[in-house]
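Summary of structural features
Listed here are the chains, written in short residue letters.
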Amino acid sequence: MGTIDMNHPQRVWVSRPLFPEVVAKLAEHFEVLAESEDQRRSPEQLRAKLAEVDGALLGLADRVDAAVLAGNRRLKAIANLGVGYNNLDIDALNAAGIVATNTPDVLTESVADYAWALLLAAARRVSAAERWLRAGHWQGMRFDDWLSVDVHGKALGILGMGRIGQAVARRAAGFGMAVSYHNRRPLPAELEQACRARYVDKPTLLRESDHLVLVLPFTPENRHAIGAPELAAMKPTAVLVNIARGGIVDDAALAAALREGRLGAAGLDVFEGEPAVHADLLKLDNVVLSPHIASATADTRRAMASLAADNLIAALGRGPRAGRPPTPINPAVLAK
Ligand code: DGY
């Protein structure tokens, strides 16, 4: 990474269409190259773009690794639009001395709301019933039709108990649910109490949950954290919700379990290899599917974009927080 020359105009690249006011905020400090189309780029295209800028505001589809950074002498900062940053190879960024930032906290409550939207929709068969109604099948109410499973009073399991997991847990009190969770480490007692949640091991969580919400980060260890063996350990009536990342669930194994009645239903916002969705999932009625929109409220997406811009401005040595981006991922790079 080169040092910052405050007299030299800096250039930043915004890889996805973004709110105009956020682009305008960046333009107060930088020459801004802002994309107006949401395109997928090859590693070569990404490499070429990043070679000509001092900073970049990237989306989760932009995968930055050592190969993409090879030979780059100019880039100093990447602001990622999302709390998850599995698209960034942090070791490669550290080696290149590039600061990376993410957007935690501002999306916690919206994502937790959405976990509940998927849980309720999947458990109560909302999407399937609507499709059926729209197709003109409703001829009158049959008392024994469209039976589903309750959410209130049931056992809620949460796998991954960071900020979003805790926000999901807090909402369960309104549904009178017993909440269990599994995490790398148990929460401090006061947080457990605030969430009214009990720490259990993963086999117990899988076995006992009526509804299981996945909120863990995508790391190599978490790939297929829910695969065929884990699905086999769950109740055949259970509802699984994934708002975390594609790849945490083995989508082929999930589709088989849903098709064969070994799992009740699923609500999925993220997919292995998205935007592609496993063809078997598309054929099933007991799964609610959405296109990675858990954080997509207007307020939250604006807050994420604004935080990403503040991070980029500060990481490139501008603005009131020059040198101190609000939410760095690799703060050790800043210290150098
Ligand atoms: C995140 O922040 O990681 C979400 O998945 C993007 O909305």
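Residues numbered from 1 in each chain as written. Predicted model: local features only at pLDDT ≥ 70, side-chain atom pairs only at ≥ 80, totals over all residues. Heavy atoms only, no water.

1. Points about the overall build of the chain
Applicable threshold: Think of it this way: any DSSP run of H or I at least four residues long counts as a helix, any run of E at least two long counts as a strand, and we number them from the N terminus. Relative accessibility under 20% of the residue-type maximum defines a buried residue, over 50% an exposed one, and the middle range a partly exposed one, all with a 1.4 Å probe and only protein chains included. Contacts are residue-level and defined by heavy atoms, with any inter-residue pair within 4.5 Å sufficient. Accessible areas in this description were obtained via Shrake-Rupley with a 1.4 Å probe; residue shielding takes into account the shown protein chains only. We score Asp and Glu as negative and Lys and Arg as positive, and we do not count His or the chain ends. Taken as the charge centre is NZ of Lys, CZ of Arg, CG of Asp or CD of Glu, depending on the residue.
Of regular secondary structure, the chain possesses 14 helices and 12 strands. Structurally, the chain occupies a C-alpha span of about 75 × 50 × 35 Å along its principal axes. Taking all 336 residues of the chain together, 47% fall into the buried category. Residue pairs at least 24 apart in sequence account for 60% of intrachain contacts in the chain once pairs closer than 6 positions are excluded. Surface accessibility of the chain: about 16,000 Å² in total, with carbon and sulfur atoms responsible for 54%. Counting 38 positive and 38 negative side-chain charges, the chain places the centres of these two groups 2 Å from one another.

2. Comments concerning helix α5 (residues 108-123)
Let me state the cut-off plainly: A helix is expected to span 1.5 Å multiplied by its residue count minus one.
Between its first and last C-alpha atoms α5 spans 23 Å; for 16 residues at 1.5 Å apiece the expected length is 22 Å, and the two agree. Across the 16 residues of α5, 12 count as buried, placing the element largely inside the fold. Considered for burial, the residues of α5 that qualify are T108, S110, V111, A112, Y114, A115, W116, L118, L119, A121, A122 and A123. R125 lies just past α5 and shows a positive phi near 60°.

3. Let's talk about the pairing of strand β10 (residues 239-242)
Where we set the bar: Two strands qualify as a pair provided that DSSP identifies no fewer than 2 bridges between them. With the strands pointing away from the viewer, any crossover whose connection runs clockwise from the first strand over the helix to the second is right-handed.
Going residue by residue along β10, you find V239 and V241 tucked away on one face and L240 and N242 tucked away on the opposite face as well. Summarising the sheet, strand β9 (residues 211-214) and β10 pair through four bridges and their orientation is parallel. Bridging across to β10, H211 finds its partner in V239. In the classification by handedness, the crossover that spans β9, the intervening helix α10 (residues 228-233) and the parallel β10 is right-handed.

4. Points about the site of the ligand
Cut-off, in case you're wondering: The cutoff for a nearby residue is simple: one of its non-hydrogen atoms must lie within 4 Å of the molecule or strand. Here a polar contact means two N or O atoms within 3.5 Å. Within protein one must be a hydrogen donor candidate and the other an acceptor candidate, and residues neighboring in sequence count only if both atoms are side-chain atoms. Only Asp, Glu, Lys and Arg are considered charged in this grouping, and only Ala, Val, Leu, Ile, Met, Phe, Trp, Tyr, Cys and Pro are considered nonpolar; every other residue, Gly among them, is considered polar.
Taken together, L60, G82, V83, G84, L107, R245, H292, S295 and R301 make up the full set of residues near the ligand. G84 has a polar backbone atom sitting 2.9 Å from an oxygen atom of the ligand. Between H292 and the ligand, the recorded distance is 2.6 Å, taken from a side-chain N or O atom to an oxygen atom. When the ligand sits alone it has 230 Å² of accessible area, and the protein chains cover 90% of it. Of the residues that constitute the shell around the ligand, the class distribution is three nonpolar, four polar and two charged.

5. Let's talk about the domain arrangement of the chain
Definition in use: How far each domain reaches was decided by an automatic or database domain assignment. Computed with a 1.4 Å rolling probe, the buried area is the accessible surface lost when two parts are put together, summed over both parts.
Each assigned domain of the chain is listed with its residue range as follows: domain 1 (11-104 + 297-335) and domain 2 (108-289). One C-alpha centre belongs to domain 1, the other to domain 2; they are set 32 Å apart. The partner domain 2 presents seven residues to the eight residues of domain 1 that form the contact. Note on domain 1 versus domain 2: buried area summed over both sides is about 560 Å², and carbon and sulfur give 51% of it. It is R40, N86 and P104 in domain 1 that bury the most area against domain 2; as a group they hold 58% of the surface buried on that side.

6. Re the pattern of salt bridges
The line we're drawing: Each reported salt bridge corresponds to a side-chain nitrogen of Lys or Arg within 4 Å of a carboxyl oxygen of Asp or Glu.
The full count for this structure, using the stated rule, is 22 salt bridges. Where D38 meets R16, a salt bridge forms, and the shortest distance between an N and an O atom there is 2.4 Å. Here D38 is found in the loop between β2 (31-34) and α2 (43-51), whereas its partner R16 is found in the loop between β1 (11-14) and α1 (20-27), with 22 residues between them in sequence. On the accessibility criterion, D38 (57% relative accessible area) is exposed. For R131, the salt bridge goes to D285, with nearest N and O atoms at 2.7 Å.

7. A look at the pairing of strand β11 (residues 265-268)
Neither face of β11 is open: one carries A265 and G267, the other A266 and L268, and all of them are buried. Where β10 meets β11, four bridges bridge the pair, whose relative direction is parallel. Paired with N242 across the strands is L268, a residue of β11. Across three bridges, β11 lies against strand β12 (residues 287-289) in parallel orientation. Opposite A266, over in β12, you have V287 as the bridge partner.

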